[in-house]
Amino acid sequence: MVDRMRTEWSWGWQFEAACRGTDSTLYFAPNYFERREEKAAREAKAKTICTACPVRLPCLEYALEIREAHGIWGGLNE
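Quantities reported herein were computed from a predicted structural model and do not represent experimental measurements.

Enquirer: Just give me the short version of the pattern of salt bridges, but keep the residues and values in it.
Expert: Taken as a whole, this structure holds four salt bridges when the rule is applied. Residues Glu34 and Arg42 are paired through a salt bridge, measuring 2.7 Å at the closest nitrogen-oxygen approach. By the burial criterion, Glu34 is buried, and Arg42 matches it. The salt bridge involving Glu38 is made with Arg35; its shortest N-O contact spans 3.8 Å. The class for Glu38 is partly exposed, based on a relative accessible area of 35%. Classification of Arg35 as partly exposed rests on a relative accessible area of 46%. By sharing partners, the salt bridges in this structure join Arg35, Glu37 and Glu38 into a single network.

Below, the structure is given as structure tokens:
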């Protein structure tokens, strides 16, 4: 799987992502305390964008492969 992920990453799957060009703060928690309702609303917006993303699975696989601990990747949170 590692070789496939490196290949897909080098192919530039990230350039096809629906989130490309959107505000990254939608996908990652702020550096200040975020109330539960604020987090839920922010993540819901991000996950809505992910729903229609053509590269949702490669994004999720990449995050799992590198053990990304933060953010919304492939429509899922940590």
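Alright, that's what it looks like, and here's the rest.
Enquirer: Tell me about the side chain of Glu34, and please be specific about residues and values.
Expert: Structurally, Glu34 is set in the loop between α1 (2-11) and α2 (36-51). Residue classification places Glu34 among the buried residues on the basis of a relative accessible area of 16%. In this structure the side chain of Glu34 is engaged in a polar contact, spanning 2.7 Å, whose partner is the side chain of Arg42. Beyond its immediate stretch of four places on either side in the chain, Glu34 contacts Ala29, Lys39 and Arg42.

Enquirer: Now, about the state of the cysteines: what can you tell me, with residues and values included?
Expert: For the coordinates displayed, the defined rule picks out zero disulfides. You can see Cys50 has no disulfide; the closest cysteine sulfur is in Cys19, sitting 6.3 Å from it. The exposure class of Cys50 is buried, given its relative accessible area of 9%. Here Cys59 stays unpaired: no disulfide links it, and the sulfur of Cys19, its closest cysteine neighbor, is 6.3 Å away. In this structure Cys59 comes out as buried when scored by relative accessible area, which is 13%.

Enquirer: Break down the layout of surface pockets for me, with residues and values.
Expert: If you add up the space inside the largest pocket, you get close to 320 Å³. Lining the largest pocket are 21 residues, and of these Ala17, Cys19, Cys59, Ile72 and Trp73 lie nearest its centre. Those elements that place two or more of their residues in the lining of the largest pocket are α2 and α3 (56-65). When grouped by side-chain class, the residues that make up the lining of the largest pocket number 14 nonpolar, five polar and two charged.

Enquirer: Tell me what's going on with the packing of aromatic side chains, and back it up with residues and numbers.
Expert: The relative placement of two aromatic rings is captured by the distance of their centres and the angle of their planes. For the structure shown, the criterion picks out three aromatic pairs. Aromatic pair Tyr62 and Trp73: ring centres 6.0 Å apart, planes at 45°, arrangement tilted. Remark: Trp73 occurs in the segment after α3 and Tyr62 occurs in helix α3; sequence separation between them is eleven residues. Using a relative accessible area of 19% as the deciding quantity, one classes Tyr62 as buried. Each residue in the set Trp13, Phe28, Tyr62 and Trp73 is aromatic and connected to the rest through ring pairs, giving one cluster.

Rules used throughout
Residues numbered from 1 in each chain as written. Predicted model: local features only at pLDDT ≥ 70, side-chain atom pairs only at ≥ 80, totals over all residues. Heavy atoms only, no water. Salt bridge = Lys/Arg side-chain N within 4 Å of Asp/Glu carboxyl O. Buried < 20%, exposed > 50% of the residue type's maximum accessible area, 1.4 Å probe, protein only. Helix = DSSP H or I, 4+ residues; strand = E, 2+ residues; numbered from the N terminus. Polar contact = N/O pair within 3.5 Å; in protein donor to acceptor, adjacent residues only side chain to side chain. Contact = heavy atoms within 4.5 Å. Disulfide = S-S within 2.5 Å. 1 Å grid on protein atoms, 1.4 Å probe; cavity = no way out; pocket = protein on both sides within 12 Å on 5 of 7 lines; lining within 4 Å. Points joined across faces, edges and corners; volume = space filled by probe spheres on them. Nonpolar A, V, L, I, M, F, W, Y, C, P; charged D, E, K, R; others polar. Phe/Tyr/Trp six-rings, centres within 6.5 Å; stacked < 30°, edge-to-face > 60°.

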